[in-house]
Amino acid sequence: MTGVRERNESAWLIPNDGTRTNHGLRRDMRRFDDTDEVDLVVVGCGAGGSVLTQRLARGGWTVVALDAGPFWDPDRDWVSDEAGSHRLYWTEPRVIDGADPVPLGSNNSGRGVGGSMVHYAGYTPRLHPSDFETYARDGVGADWPISYQDLKGYYAAIEEELPVAGEAWPWGDPHTYPQRPHPVGGNGEIFLRGARKAGITAKVGPVAIVNGRFGNRPHCIYRGFCLQGCKVNAKASPLITHIPDALAHGAEVRPDSMVTRIEVDERTGRATGVHYVRDGISRFQRARMVAVAGYSIETPRLLLNSASKRFPDGLCNDFDRVGRYLMVQGAPQTAGRFDAEVRMYKAPPPEVSSEQFYETDPARAYKRGFSIQTVSPLPITWAEHVAAQGHWGSKLREYMSDYVHWSCLGALCEFLPRADNRVTLADEKDRHGLPVARFSYSQGDNDKQLMKAAQQVMEDILHAAGADEVITINRYAHLVGGARMAADERHGVVDADCRTFAVPNLFITDGSVLPTQGSANPALTIMAVAARAADRLRGSKR
Ligand SMILES: Cc1cc2nc3c(=O)[nH]c(=O)nc-3n(C[C@H](O)[C@H](O)[C@H](O)COP(=O)(O)OP(=O)(O)OC[C@H]3O[C@@H](n4cnc5c(N)ncnc54)[C@H](O)[C@@H]3O)c2cc1C
Ligand code: SF4
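Quick caveat: nothing in here was measured; it's all calculated off a predicted structure. (Residues numbered from 1 in each chain as written. Chains lettered and ligands numbered in written order. Predicted model: local features only at pLDDT ≥ 70, side-chain atom pairs only at ≥ 80, totals over all residues. Heavy atoms only, no water.)

A. Geometry of the site of ligand 2. Around ligand 2, a shell composed of Ile209, Cys220, Ile221, Tyr222, Arg223, Gly224, Phe225, Cys226, Cys230, Val232, Lys235 and Pro348 is seen. For ligand 2, the cavity whose grid points lie within 2 Å of the majority of its atoms is the largest cavity. Its residues assigned to classes, the shell around ligand 2 shows 9 nonpolar, 1 polar and 2 charged. (Near = heavy atom within 4 Å. 1 Å grid on protein atoms, 1.4 Å probe; cavity = no way out; pocket = protein on both sides within 12 Å on 5 of 7 lines; lining within 4 Å. Sits in = over half its atoms within 2 Å of the grid points. Nonpolar A, V, L, I, M, F, W, Y, C, P; charged D, E, K, R; others polar.)

B. Summary view of the sheet that holds strand E15 (residues 435–440). Overall, mixed pairing links the 3 strands, which are arranged E3-E15-E14 in an open sheet. Strand pairing shows two members of the sheet lacking a second neighbour, strand E3 (95–97) and strand E14 (422–429), which therefore form its edges. When the angles between neighbouring strand axes are averaged without regard to direction, this sheet yields 30°. With 5 bridges joining them, E14 and E15 adopt antiparallel strand pairing. Bridged to Arg422 within E15 is Ser440. (Pairing = 2+ DSSP bridges. Helix = DSSP H or I, 4+ residues; strand = E, 2+ residues; numbered from the N terminus. Axes fitted to C-alpha atoms, helices over the stretch in contact; angles between N-to-C directions.)

C. Examining the pairing of strand E1 (residues 38–43) more closely. Among the 6 residues of E1, 6 are classified as buried, and the element is accordingly described as predominantly covered. Looking at chain direction, E1 and strand E2 (residues 63–66) are connected through 4 bridges and run parallel. Its bridge partner lying in E2, Val41 is registered against Val64. At this point the chain moves from E1, through helix H4 (residues 47–58), to the parallel E2, and the crossover so formed is right-handed. (Buried < 20%, exposed > 50% of the residue type's maximum accessible area, 1.4 Å probe, protein only. Right-handed = clockwise from strand over helix to strand, strands pointing away.)

D. Up close: the site of ligand 1. Of all residues adjacent to ligand 1, which total 40 residues, the nearest are Asp67, Gly112, Ser116, Tyr123 and Ala523. Note that an oxygen atom of ligand 1 is positioned 3.1 Å from one of the backbone N or O atoms of Ala47. Between Gly48 and ligand 1, the recorded distance is 3.0 Å, taken from a backbone N or O atom to an oxygen atom. For ligand 1, the accessible surface in isolation is 1000 Å², of which the surrounding protein chains cover 97%. Among the elements of the structure, H4, strand E6 (258–264) and helix H15 (523–539) are those that each provide at least two residues to the shell around ligand 1. Split by residue class, the shell around ligand 1 holds 18 nonpolar, 18 polar and 4 charged. (Polar contact = N/O pair within 3.5 Å; in protein donor to acceptor, adjacent residues only side chain to side chain. Areas by Shrake-Rupley, 256 points an atom, 1.4 Å probe, with all protein chains shown as cover.)

E. Seen up close, the pattern of salt bridges. Under the criterion given, the structure shown has 39 salt bridges. Arg7 is the partner of Glu161 in a salt bridge, and the nearest nitrogen-oxygen pair spans 3.3 Å. You can see Glu161 sitting in helix H7 (residues 148–161) and its partner Arg7 sitting in helix H1 (residues 4–7), a full 154 residues away along the chain. Here Glu161 falls in the buried class, since its relative accessible area comes to 3%. Linking Asp97 and Arg438 is a salt bridge whose minimum nitrogen-to-oxygen distance equals 3.1 Å. Of this pair, Asp97 sits in strand E3 while Arg438 sits in strand E15; the two residues are 341 residues apart in sequence, bridging distant segments of the chain. Residues participating in the shared-partner salt-bridge network are Asp131, Asp138, Glu359, Arg368 and Glu414. (Salt bridge = Lys/Arg side-chain N within 4 Å of Asp/Glu carboxyl O.)

F. Spatial organisation of the pairing of E15. Here E15 lies mainly inside the structure; 5 of its 6 residues are buried. The pairing of E3 with E15 spans 3 bridges and is classified as parallel. Following the sheet pairing, Asp97 is matched in E15 by Ser440. Counting the residues that bridge the hairpin from E14 to E15 gives 5 residues, and of these Gly433 lies at a positive phi of roughly 85°.

Set out below in structure tokens:
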């Protein structure tokens, strides 16, 4: 990993004195006035926004990154307690509908500096080369205006910065990881054993969890609270992997700042800055360029809420593309009971995965595929799993007291992009008086077939490992799309460099730009796309 520190010093900027936050760096960060016309204002400090901020601050740009949520301090704000962590979620109101509505809240998006990666599980697989051309290969989905090769170097760079631990990866474009695989707990052992017996290849990783010391970030302590915000700083999130370096290079991160509108000069057609609310006061940050990275729901919502005389149907929405092709992955979970104790909470939930069923299999009726991973829910999430099966009262108590005997796997099914799966504005308003997002979602036949196939494989694995009972629930994970990348403005909102077709100095650098999603967890791809966009921007004129 020679060279990581030279291009991103974040892990070395974290203190080495038992505390988790470099308070001096935050206190002394450069601050800009609203009236300063900075080179770039970034909306949202999550996976995409933080990487862009860090890269451009390093390139000497003046950057202000605004986030609607707080500047988290792991020592002060996070607790090793499942219920106590629910305030990490984005819980502002949203409306859902469609034939298969997607519940929003805990399992979808986060708020605050670090974004959803603060409480993401930590799996960081790459997309496969096929994901960039699903239409050309399989006649479904869409082709990206870039190929896997365009992202390959950025994948490798981000894997070093997080860093990622795992076995040599045989699927997609075979590659290795910078850190060796972690030892696995009870749930991981069951997956590996069951997969071996069922003739399925499974591998340890890939997870963005430190295996050994990395800079001043310590080794994982295997207590399993990754989805509650890792207090130890072993699990990667932009709060510790990119923001410290951004601050050290002169970026300002302004928390508790909800952006309400992007301003575009009607005369020049260029963005001039963003309106935002902080401490109840409406303010305006001037900027030469604007990048939006507010997550797949909030990014299209902000564009739609930025309608003007020039863009009466929403900013960049001349061709009715904003908010469309929003995707979720089908994420059924199958649990198996074993006589021996499993104690799935005694390890990070992300441990072992398989991408054997990722690609289109010509022998199957459906296109594309799914991946399988350990998920290891803590007790409250386990109770939700059991209750979703219809167990209640004394039966629920029985399952709960049997918790240590259960193992749990999850699948990620590649649901296909559909134009009608979209964000629009609802009549309801939020506390700032802004229309909230309405998210309509319906599954297609291919999606439903994938869910069934994935369930079957998970049940086979758990039975092969010796489970005497298996139960499955259907759920969703990971929203991407809604402002997708395309070859032209009739098919998408941004070009290959994440620049909007309609406004030349407005960029979108979060998961919204993904045209397809594969069955890989999205964070690494979002960071790689943002890193590429930053490189392209650095090469262009400010
Ligand atoms: C429970 C859970 C588990 C997950 N597990 C995994 C996993 O194992 N692997 C994986 O790859 N992915 C996982 N994900 C998904 C992953 O975290 C997200 O896909 C990724 O973080 C999205 O990146 P983003 O940049 O699009 O948005 P985010 O990272 O969500 O960042 C958006 C930021 O924008 C801010 N914001 C939004 N609107 C505004 C506004 N108007 N003004 C100012 N700020 C605003 C938000 O506060 C937030 O901080 C998981 C997600 C969750 C919720
Ligand atoms: S298991 Fe490891 S990565 Fe997960 S919260 Fe604990 S220390 Fe962090």
